[in-house]
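Chain residues, written in single-letter form:
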Amino acid sequence: MRWATAGCALLALLLGAVLTGAVTGAQSNWDVITRHQAPQVTDAGGLYQALTDLDAQAANQLMFGNDPKLTRNLATARQQYTQDRATADHDLQQATLDAAGNTEAQAALARVLDDMGSYQDLAGRALELNSHAHAAAGAPDPSALADYRQATDLMRQQLLPSAEQLLKANDGAFEQSYTSERAALGTAGTWLLLLGGGALIALVGLQVWLALRFRRIVNPALAAATLLTVALLGMAGSFLSGEGQDLKTARKDAFDSVVALTHARAVVYDSNAAESRYVLDAAQRPAYESAFQTDSDQILKLQGVSLSGYDSALAQSIAAYQQDRTQIHFTGFYGDEFRNITFGGERAAAEKTLLAYQAYQLDDRKIRALVSAGKLEEAIAYCTSLAPGGSNADFNAHDAALQSLIAINENAYESAAKVGAQRAGSELWLLAGGAVLVAVLVGVGARPRLREFR
C-alpha cells in the first residue's frame, strides 16, 4: 500500500517537474528572443542598409557636382549621407553591446569596425576634393574619383560582406534558439505522455486494488486525483501545442520573412548605389552593371536571364503568377516571401511590392539607354527625379511598399511572441501546483486505508 501510494505521488511530482521545466524554459526562450536575438537581427539589417545607402549618397554627391540645377539634389544627398552615417554609428554601438557570447558576430563586428573608419576617411576626402574642384555634374574631379573608387571597393568587398555576416550570425543565433526550444517542447510532450499516462494507470490501478481489497467502491480523494490528472494532462498538452505553434508563427511564418525582406531592402539600396556609380564612373561601368545584376538576382532571380532580358522575363513571371498564384517562377528574397505568405493583407502587400520593383527595374534600363546615347545630363536628371515616373520616385514607392510588407510580418511576429510569453508567464503555478495537488490527494486518499493496518 505504501509503495503504491509513493509510486503514484512520485509520478505526479515528476510530471510537475517536467511541466515546470517546460514552462520556465519557454519563459526564458521568449525573453532571449524578444529582448536580445530578434532586435540584434533587426539592428544588423539596419546597419547593412545604412552602409549601402551611405555609399549611394556619396556617389550621388560626386555625380551632382557643382551644377546649380542640382543644388537641391545635392543638399538632399548630403543630408541623407549624414543621417546614414549616424545610423551606422548607432547600430555599430548597439551591435557591440549585443555581441557578447556570439563569437561569429564578434568577429564580423570587429571587421566592420576596422574598415568603417578607413571608408569614411576615403569617402570624406573624395567629397571634399570634388567640392573644392567645383566639378560639373557627371564629371567628377579625377583625384576625388580615385579616392571614391577605393572607398566603394572597400565598402563592397569588405564592409558589406562583414555586415552581412553579422546579420547571418545574429539570425543563426535566433534560429538555434528556435530549434532548441522546439526540441525541448517535443521532449516535454514525450515525458508528458509517459509520466501522465503512467500516473493515470497507477491511480486507476490503486483504486481498483483498494476496491477489491477493502471493498470500497469509490475513494473520493483518489478519484479527485485521477480527474485532476486528466485535466492537468489536457492543460499541459494545450500549453505545449500552443507554445509550439506560437514559436513557429513567430519564427518561421513571420520573422523568416522579416529577415528576407529586410535583407532585400538593403540589397535594393545597394543596387541603387550601383546605378549611381554606373552613371558617375564611365571607366568602371561594366563592373557596376555587373554589380547591379548581382543585386537584382539576390532580390528576385529569374533563372538563366541576364540584365538585357530581365524585364521581359519578369513581366512573363508576373503574368503567370497573376493567372495562377501557385506559379512562382522566381527565387531570391522575393521568391522566399511569395512562398511564405501567411497573414492577412500580406499577399496584397507583396504583390504591390513586386509591381513597384518591376517599375524600378524598367527605370534602370531607361537610365542605361540615356547614358549609352551620350545623354549624361538627362540620365542624371532622370536617375534622381522625384517626379511621378522618375527613377527616385519609383524607388521610393517600392521602398514604401516593401516597408509596409515588412511591417505586416513584424506585427505578426510581435503578436505571436506576446501571446507565447504571456501563456508561459501565466501557467507556471497552475500546472506545477496541479501536479503537487495530485500528489497531496493521493496521500489523503491512502491515509485512511493505511490506518486500518495499525
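Residues numbered from 1 in each chain as written. Predicted model: local features only at pLDDT ≥ 70, side-chain atom pairs only at ≥ 80, totals over all residues. Heavy atoms only, no water.

*Asks:* Explain the overall build of the protein to me, please; I cannot follow it from the model alone.
*Replies:* Check the secondary structure of the protein and you find 12 helices and zero strands. For the protein, the succession of helices and strands along the chain, N to C, is α-α-α-α-α-α-α-α-α-α-α-α. Since a compact globule built from 454 residues should have a radius of gyration of about 22 Å, the 31 Å found for the protein marks it as more spread out than a globular shape. If one aligns the C-alpha atoms of the protein with their principal axes, the spans along those axes are about 110 × 50 × 35 Å. For the protein, buried positions account for 52% of its 454 residues. Taking as baseline every contact in the protein between residues at least 6 positions apart, the subset at least 24 positions apart corresponds to 79%. (Helix = DSSP H or I, 4+ residues; strand = E, 2+ residues; numbered from the N terminus. Rg over C-alpha atoms; globule rule 2.2 N^0.38 Å. Buried < 20%, exposed > 50% of the residue type's maximum accessible area, 1.4 Å probe, protein only. Contact = heavy atoms within 4.5 Å.)

*Asks:* Teacher, can you tell me more about the side chain of Asn102 here?
*Replies:* On the secondary structure map, Asn102 appears in the loop between helix 2 (71-98) and helix 3 (103-132). Residue Asn102 is classed as buried on the basis of its relative accessible area of 16%. When residues no more than four places from it in sequence are discounted, the contact partners of Asn102 are Ala169, Asn170 and Ala173.

*Asks:* Can you help me understand the side chain of Asp55 in this one?
*Replies:* Topologically, Asp55 is positioned in helix 1 (residues 2-64). Discounting residues that sit within four places of it in the chain, Asp55 has contacts with Tyr119, Tyr148, Thr152, Met155 and Arg277.

*Asks:* I keep staring at a nonpolar patch on the surface and nothing clicks. Help me out?
*Replies:* Among the surface-exposed residues, Leu13, Val436, Leu437, Val440 and Val444 lie close enough to one another that they form a single nonpolar patch of about 410 Å² accessible area. The element that contributes the greatest number of residues to the nonpolar patch is helix 12 (residues 428-451), accounting for four residues. With respect to the helices and strands, Val440 occurs in helix 12. (Patch = residues over 30% accessible without salt bridge, like charges linked within 9 Å, V, L, I, M, F, W, Y side chains within 5 Å. Areas by Shrake-Rupley, 256 points an atom, 1.4 Å probe, with all protein chains shown as cover. Salt bridge = Lys/Arg side-chain N within 4 Å of Asp/Glu carboxyl O.)

*Asks:* How should I be thinking about the pattern of salt bridges in this particular structure?
*Replies:* The tally for this structure, following the rule as stated, stands at 23 salt bridges. For Asp281, the salt bridge is made with Arg149, and the minimal N-O distance between the two is 2.7 Å. Taken together, the residues span a long stretch of sequence, with Asp281 in the loop between helix 5 (220-280) and helix 6 (285-299) and Arg149 in helix 4 (residues 142-214) at a distance of 132 residues. Arg149 sits in the partly exposed class, given a relative accessible area of 26%. A salt bridge links Arg368 to Glu289, with the shortest nitrogen-to-oxygen separation between them at 3.9 Å. With a gap of 79 residues between them, Arg368 in helix 9 (residues 346-372) and Glu289 in helix 6 connect regions that are remote in the sequence. Among the residues examined, Glu289 registers a relative accessible area of 31% and is labelled partly exposed.

*Asks:* Hey, could you run me through helix 10 (residues 376-383) in this one?
*Replies:* One turn of the α-helix equals 3.6 residues, which is why residues spaced by three or four share an orientation. Buried within helix 10 are the following residues: Ala379, Ile380, Tyr382 and Cys383. Within helix 10, the buried residues cover an arc of 170 degrees as seen down the axis, which keeps them to one side. Contact partners of the buried residues in helix 10: helix 1, helix 5, helix 9 and helix 11 (391-426). (Arc of directions from axis to C-beta.)

*Asks:* Is there a simple way to explain the nonpolar core in this structure?
*Replies:* Grouped together as the largest cluster of nonpolar side chains are 103 residues, with contacts concentrated most on Leu51, Tyr119, Leu300, Tyr334 and Tyr413. With 17 residues, helix 5 is the single largest residue contributor to this core. Not counting residues within four places of it along the chain, the set of residues in contact with Tyr334 comprises Leu261, Ala264, Ile299, Leu300, Thr353, Tyr357, His398 and Leu402. Core analysis: the next-biggest nonpolar cluster, separate from the first, contains 18 residues, Ala188, Leu192, Leu428 and Ala435 among them. (Core = buried A, V, L, I, M, F, W, Y, C linked by side-chain atoms within 4.5 Å.)

*Asks:* Any chance you could explain helix 1 here in plain terms?
*Replies:* Compared with the 93 Å implied by 1.5 Å per residue over 63 residues, the 90 Å span of helix 1 between its first and last C-alpha is a close match. With its phi angle positive at about 60 degrees, Gly65 sits one or two positions after the end of helix 1. (Expected span 1.5 Å × (residues − 1).)

*Asks:* Would you take a moment to explain the environment of Leu386 for this structure?
*Replies:* Of note, Leu386 is situated in the loop between helix 10 and helix 11. Residues within four places of Leu386 in sequence aside, it is in contact with Asn392, Ala393 and Asn396.

*Asks:* Just checking my understanding: could you explain the packing of aromatic side chains for this structure?
*Replies:* Each aromatic ring pair is summarised here by two numbers: the centre-to-centre distance and the angle between the ring planes. Tallied over the full model, the rule gives eight aromatic pairs. Aromatic pair Tyr321 and Phe338: ring centres 5.2 Å apart, planes at 85 degrees, arrangement edge-to-face. Of this pair, Tyr321 sits in helix 7 (residues 307-323) while Phe338 sits in helix 8 (residues 332-338); the two residues are 17 residues apart in sequence, bridging distant segments of the chain. Note on Phe338: relative accessible area 6%, which makes it buried. In this structure an aromatic cluster arises from ring pairing among Tyr269, Phe292, Tyr360 and Phe395. Taking the ring centre of Tyr278 as reference, the NZ or CZ of Arg285 above it sits at 5.7 Å. (Phe/Tyr/Trp six-rings, centres within 6.5 Å; stacked < 30°, edge-to-face > 60°. Lys NZ or Arg CZ within 6 Å of the ring centre and 35° of its normal.)

*Asks:* What is the right way to read the environment of Glu164 from this model?
*Replies:* Its location among the elements puts Glu164 in helix 4. A relative accessible area of 16% means that Glu164 is categorised as buried. A distance of 3.1 Å separates a polar atom in the side chain of Glu164 from a polar atom in the side chain of His263. (Polar contact = N/O pair within 3.5 Å; in protein donor to acceptor, adjacent residues only side chain to side chain.)

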